[in-house]
Amino acid sequence: MEPEHELMKTILIDVSDVLRRDKKVFWIEYGTLLGFVRDGGFIAWERDVDIGMWKEEKDLAYKKKLEVHFQKLGYETCFSDGHFHISPKNNRFNVELDINFYEKIQGMAVKPIFVSRNKLGVFFKRFVWSLYDMKTMKLANNKLQAFCGTIITIVPVLLFHMLPTSLREKLLPRIAKIQNSSFFYNKSNTVPAGFFEELKMLELFGCEFPIPKDAEEYLAYKFGEDWRTPNRDWDSLTQDKALFGNR
């Protein structure tokens, strides 16, 4: 196994152990599931791992708890409304793991994904993310962008983080809704909730991981009927059948 895939395996096992300890329902999804089912491991060119979970009412408090867990294990983390990002410190292989949080809406599992309409949207996305986790203020395409974004937003972000967690949990969805309706196109990941309500175990790397019971049907829904054919040029924004507007 390639060294980057060894590292991805370690992250996946560490994260799975934490979620099992907390008695959380989770599953392997996206390209990680595709590789597990089709190739018996990680896709050769993939450098990220994807896990799905249901979004909880006290979501912010649990994400803060996860942050403490994974930092103790030596990982760096950041999070927003729809995901929790984990990567090793000194990440020379650029590998990462994302936990994607879904809501059940009218029989569908929905993970919000919004694509910026313009550069102003990129700025507001980073700003709103920083309201969830201040570490995201440093995320930008270059150091100058990160510095300018931090200078502009630091005061309101610091004041917001001084509010009680219960109040922030009430305000964040409303702020995100305003942001998403004003500066973004809706490309939310939407699949029938039944895919994630019935799970089975897949043995790999000497461990068992939960996957959708109808994994092949899920892969066909998301990647198309030709999901068994490897495609390195596959583009998620235009070819992902589960994204809003692509089906």
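Below: a short report on this structure.

About the thresholds
Residues numbered from 1 in each chain as written. Predicted model: local features only at pLDDT ≥ 70, side-chain atom pairs only at ≥ 80, totals over all residues. Heavy atoms only, no water. Helix = DSSP H or I, 4+ residues; strand = E, 2+ residues; numbered from the N terminus. Buried < 20%, exposed > 50% of the residue type's maximum accessible area, 1.4 Å probe, protein only. Contact = heavy atoms within 4.5 Å. Areas by Shrake-Rupley, 256 points an atom, 1.4 Å probe, with all protein chains shown as cover. Polar contact = N/O pair within 3.5 Å; in protein donor to acceptor, adjacent residues only side chain to side chain. Core = buried A, V, L, I, M, F, W, Y, C linked by side-chain atoms within 4.5 Å. Patch = residues over 30% accessible without salt bridge, like charges linked within 9 Å, V, L, I, M, F, W, Y side chains within 5 Å. Salt bridge = Lys/Arg side-chain N within 4 Å of Asp/Glu carboxyl O. Expected span 1.5 Å × (residues − 1). Phe/Tyr/Trp six-rings, centres within 6.5 Å; stacked < 30°, edge-to-face > 60°. Lys NZ or Arg CZ within 6 Å of the ring centre and 35° of its normal.

**Examining the overall build of the chain**
Along its length, the chain carries nine helices and 11 strands. The proportion of buried residues among the 247 residues of the chain is 45%. Counting contacts in the chain only where the partners sit at least 6 residues apart, residues at least 24 apart contribute 63% of the total. Of the roughly 13200 Å² of accessible surface on the chain, a fraction of 55% belongs to carbon and sulfur atoms.

**Considering the side chain of Asn100**
Examined against the element boundaries, Asn100 turns out to sit in strand S5 (residues 96–105). At 2.9 Å, the side chain of Asn100 forms a polar contact with the side chain of Glu29. Residues within four places of Asn100 in sequence aside, it is in contact with Glu29, Tyr30, Asp50, Ile51, Gly52, Met53, Gly82, His83 and Lys111.

**A few points about the environment of Leu66**
Mapped onto the elements, Leu66 comes out in helix H3 (residues 59–72). Here Leu66 falls in the buried class, since its relative accessible area comes to 0%. Placed 11 residues apart in sequence, Leu66 and Thr77 show a C-alpha to C-alpha distance of 8.9 Å. Residue contacts for Leu66: discarding those within four places in its chain leaves Val18, Leu19, Asp22, Phe84 and Ile99.

**Topic: unusual backbone geometry**
Positioned with a positive phi, Lys23 is a non-glycine residue whose angle comes to about 60°. Here Lys23 shows up in the loop between helix H1 (3–21) and strand S1 (26–28). Located in the positive-phi region is Phe205, a residue other than glycine, with phi close to 55°. With respect to the helices and strands, the residue Phe205 is situated in the loop between strand S10 (199–204) and strand S11 (207–212).

**Let's talk about the nonpolar core**
Ranked by size, the top nonpolar core spans 56 residues in total, and within it Leu12, Val15, Ile51, Ile86, Leu97, Ile99 and Phe196 carry the most contacts. Those residues in contact with Ile99, other than ones at most four positions away along the chain, are Val15, Ile51, Met53, Leu66, Gly82, His83, Phe84 and Ile86.

**Some remarks on a nonpolar patch on the surface**
A grouping of Val155, Leu159 and Met162 is seen on the molecular surface, where their side chains present a nonpolar patch of about 340 Å² in accessible area. By the secondary structure assignment, Val155 is in helix H5 (residues 143–161).

**Let's talk about H1**
In this model H1 runs 27 Å from its N-terminal to its C-terminal C-alpha over 19 residues, within 8% of the 27 Å that 1.5 Å per residue would give. Within H1, the full set of buried residues consists of Glu4, His5, Met8, Lys9, Ile11, Leu12, Val15, Ser16, Val18 and Leu19. Following H1 by one or two positions, Lys23 adopts a phi angle in the positive range, close to 60°.

**Looking at the packing of aromatic side chains**
Under the defined criterion, the tally for this structure stands at 16 aromatic pairs. Centre to centre, the rings of Trp27 and Tyr102 are 6.0 Å apart; their planes meet at 45°, and the pair counts as tilted. Within this pair, whereas Trp27 is found in strand S1, its partner Tyr102 is found in strand S5, the two being separated by 75 residues in sequence. For the pair shown, Trp27 and Tyr102 are each scored as buried. Sitting above the plane of the Phe101 ring, Lys63 keeps its charged end 4.7 Å from the centroid. Taking NZ or CZ as reference, Lys104 lies 4.7 Å from the ring centre of Trp54, over its face.

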